[in-house]
Amino acid sequence: MKFHTTLFHRFESDGVPFAYVTPTAAVVQLDEMTSEIIDNFSDAEGAEPGPWLETLEVERQPQAREAFDELAAMGMLRPVGAPTAPPAQQPPMPYPLATLVLNVTNKCNLSCTYCYEYGEDRVSNQEKPDGTPRLPMMTEETACKSVDFLLKSSEGRNGVSITFFGGETLLNFGTIRTATEYAVARGKERGRPVAFALTTNATMLTDEVIDFLVEHKFGVNISIDGNKGDQDRHRTFSSGRGSYDIIVPRIRNFLEKNRPQGRPVGARVTLTAGMAPVPETYHHLIDEIGFDSVGFAPVTSAEDREYALADGHMGQILADFEILSQEYVEAALAGKRHGFSNLHDLIQEIHQGINKAHPCGAGLGLMGVSTEGELGLCHRFVESGEHGLGTIEDGIDEQKRSEFLNATHISKKIPCHECFARPHCSGGCYHEAYVRYKDPASPNLHYCDWIRAWTDLGLRSYAAIAQGNPEFLLNFESASGAPAPAIEKDEVNR
Amino acid sequence: MKHVRAINQKARLIEERFAGAEDSVGPLAERIPFGCSTQLAPGWEVDSGGGTYGLCTPIERDLYDCYHSCYWPAQVPDALTNFADWSRSCGAPVQDWSSIDLVFP
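Residues numbered from 1 in each chain as written. Chains lettered and ligands numbered in written order. Predicted model: local features only at pLDDT ≥ 70, side-chain atom pairs only at ≥ 80, totals over all residues. Heavy atoms only, no water.

1. Concerning empty space enclosed by the protein
All names here are of chain A. Evaluation of the coordinates by the stated rule reveals two cavities of 30 Å³ or more. The space that makes up the second largest cavity amounts to roughly 30 Å³. Together, Tyr20, Ala25, Glu349, Ile350, Gly353, Ile354, Pro423 and His424 line the second largest cavity. Looking at the lining of the second largest cavity residue by residue, the class counts come to five nonpolar, two polar and one charged. (1 Å grid on protein atoms, 1.4 Å probe; cavity = no way out; pocket = protein on both sides within 12 Å on 5 of 7 lines; lining within 4 Å. Points joined across faces, edges and corners; volume = space filled by probe spheres on them. Nonpolar A, V, L, I, M, F, W, Y, C, P; charged D, E, K, R; others polar.)

Here it is as structure tokens:
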């Protein structure tokens with residue numbers, strides 16, 4: 001019987017060979033014998049183990065046999081033509097929600113040129129299906145009903161989380177305050193903790209708002225693009241005036257008041273053409289302004305936008321990410337945290353061996369709610385009727401939800417089946433795919449090479465830490481229990 | 001594992017399962033009674049990779065041992081009384097094992 005290797009990615013760290021096994025998302029260190037076996041069985045047609053064993057010196061044969069069995073047990077070798085395991089099934093439906101993203105307003109006091117809510121690539125529709133305009137602000141009543149809906153739709157989970165989103169979220173602070181206090185009270189009655197998060201452009205971080213956010217331990221993400229030049233290029237008021245000088249003193253005030261008891265605060269940077277190098281932006285936000293972490297995301301846009309990133313830009317971003325990753329590894333080897341959250345999140349997934357059937361929790365554990373109480377896949381899709389999933393009043397449209405999750409399952413994304421980065425990427429963001437290909441179920445083929453290179457960088461960084469300071473990785477072995485506070489990782493670009 | 005070192009949590013999980021599979025054989029084997037028809041040996045068995053190559057007694061090697069001496073499980077026909085010609089089409093089991101047929105007692 002012939003055997004061949006399954007899909008895997010080989011990489012080295014400090015001269016030591018490692019492999020990332022795609023079907024399982026296992027990371028293993030190889031030795032000389034296993035590397036040799038992999039070389040001999042990597043042909044798609046496979047090879048017979050018996051004749052190959054006989055080519056080895058007799059004293060190496062028992063070792064080779066043992067190594068062969070270990071590779072087979074780890075899922076790296078399979079008999080040619082052996083039936084593959086059936087694709088993982090969808091989780092049992094109806095799947096309990098964990099997070100609800102409340103779009104408390106679709107208005108904004110900034111006019112960022114690249115915004116997907118108002119810019120050229122928006123999917124939301126300001127009119128309801130019947131032609132009447134949508135409410136610009138979510139009422140307190142709708143927000144409280146959303147809280148009830150979440151508690152009801154998350155039976156079986158201990159804690160849940162609510163993320164407030166916009167527009168500029170803080171334009172509707174009244175509703176946020178009421179909904180938060182209501183959720184705390186209802187959660188207490190039922191013995192179920194509720195965690196809160198919000199994303200803001202920081203223009204309205206007044207003392208009153210800050211005290212409230214600190215008191216309720218909000219996870220706060222602040223959209224900011226970096227130094228004054230970069231911030232003011234796209235993140236402007238409607239007059240065209242930049243927002244940097246207004247927001248930075250407010251952010252510093254917030255960080256100072258939040259630090260003693262609040263959760264870490266992240267900056268979210270939207271990467272567009274013409275920006276300062278990523279490491280420079282990172283150090284400006286961490287060292288000069290005082291953020292705890294910084295996450296970067298390339299702008300979501302159709303290709304022909306003036307701010308769109310071309311291939312050359314993406315190559316430069318990768319080179320810049322490599323520099324920050326080296327800094328991260330050096331810090332980790334010294335037992336210190338580094339705030340480059342893209343890599344931090346990737347290493348977390350790699351260490352746990354996360355293998356995703358869907359790229360994110362949208363429609364699964366997470367849904368968005370529009371100002372009118374309509375349910376959508378996520379906050380990016382809430383006001384697009386086509387992707388509606390019901391309402392908080394009538395509940396989730398389970399049939400539509402199932403159909404969507406079936407259509408977007410990794411087993412349906414044929415190009416992904418040959419890609420080693422599949423467990424981490426799983427085809428990428430639905431919204432990004434919708435903007436590019438008008439189909440949320442399409443894999444994001446325009447950034448495959450980039451994702452593979454980034455995954456390779458993450459694996460090399462991970463292996464370097466596993467070799468030099470494995471204790472650091474215990475940070476990623478969180479005990480399950482309280483839900484991770486919902487801070488959406490892609491909440492930039494808005 | 002000696003040659004493949006599990007690094008992340010997923011790899012460690014697989015490794016534990018691999019080790020556990022070996023351990024589970026011992027106590028079970030002690031409880032299995034000997035004897036042709038009562039033995040619970042699984043018969044047409046494959047290894048963890050789906051093949052038969054790594055097994056100590058793959059079916060194609062010891063087919064006749066089962067058949068003639070009644071060592072292997074009850075689902076192999078018995079040569080002693082009922083199916084003396086069952087293996088006629090299978091001169092060299094390593095090559096011809098697939099040509100032997102089902103029997104209907």
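Next comes the rest of the account.
2. Some points on the nonpolar core
Ranked by internal contacts, the top residues of the largest apolar core, which has 113 residues, are Phe164, Ile222, Phe296 and Phe321 of chain A. With nine residues, the top contributor of residues to this core is helix H15 (residues 448-468) of chain A. For Phe321 of chain A, the residues in contact, after removing those within four places along its chain, are Leu271, Val278, Phe296, Phe340, Asn342, Trp450, Trp454 and Leu457 of chain A. In terms of nonpolar packing, the next biggest core, distinct from the first, is built from 27 residues, Val21, Leu30 and Leu77 of chain A together with Ala11 of chain B among them. (Core = buried A, V, L, I, M, F, W, Y, C linked by side-chain atoms within 4.5 Å. Buried < 20%, exposed > 50% of the residue type's maximum accessible area, 1.4 Å probe, protein only. Helix = DSSP H or I, 4+ residues; strand = E, 2+ residues; numbered from the N terminus. Contact = heavy atoms within 4.5 Å.)

3. Here we look at the packing of helix H1 (residues 32-40) of chain A against helix H3 (residues 61-73) of chain A
All names here are of chain A. Axis separation between H1 and H3 bottoms out at 9 Å; the angle between their running directions is 70°. The orientation of H1 with respect to H3, classified from their angle, is roughly perpendicular. From H1, Met33, Thr34, Ile37 and Ile38 reach across to H3, where they touch Gln63, Ala64, Ala67, Phe68 and Leu71. Split into classes, the residues belonging to the contact of H1 with H3 amount to seven nonpolar, two polar and no charged. (Axes fitted to C-alpha atoms, helices over the stretch in contact; angles between N-to-C directions. Parallel < 35°, antiparallel > 145°, perpendicular 65-115°, else oblique.)

4. Describing the sheet that holds strand E4 (residues 26-29) of chain A
Where strands meet in a sheet, backbone hydrogen bonds hold them as pairs that are either parallel or antiparallel. The four strands are arranged E2(A)-E3(A)-E4(A)-E1(B) in an open sheet whose pairing can be described as antiparallel. Edge positions in the open sheet fall to strand E2 (8-13) of chain A together with strand E1 (5-6) of chain B, since each of these has one partner strand only. Pairing geometry for E4 of chain A and E1 of chain B, over two bridges, is antiparallel. When the bridges of E1 of chain B are listed, Gln29 of chain A appears paired with Arg5 of chain B. Contacts between H15 of chain A and the sheet are confined to E2, strand E3 (16-21) and E4 of chain A, with E2 of chain A contributing the most and set at about 50° to the helix. (Pairing = 2+ DSSP bridges.)

5. Considerations on unusual backbone geometry
A negative phi holds for most residues other than glycine; trans holds for most peptide bonds. All names here are of chain A. A cis geometry characterises the amide bond from Gly166 onward to Gly167, with omega recorded as 25°. Phi is positive for Ala202, close to 75°, though the residue is something other than glycine. Tracing the sequence through the fold places Ala202 in the loop between strand E8 (194-200) and helix H6 (207-215). Notably, Ser426 is not glycine yet its phi reads approximately 55°, a positive angle. Mapped onto the secondary structure, Ser426 falls in the loop between helix H13 (422-425) and helix H14 (430-437). Note on Ser426: relative accessible area 1%, which makes it buried.

None of the figures reported here should be taken as evidence of function without further support.
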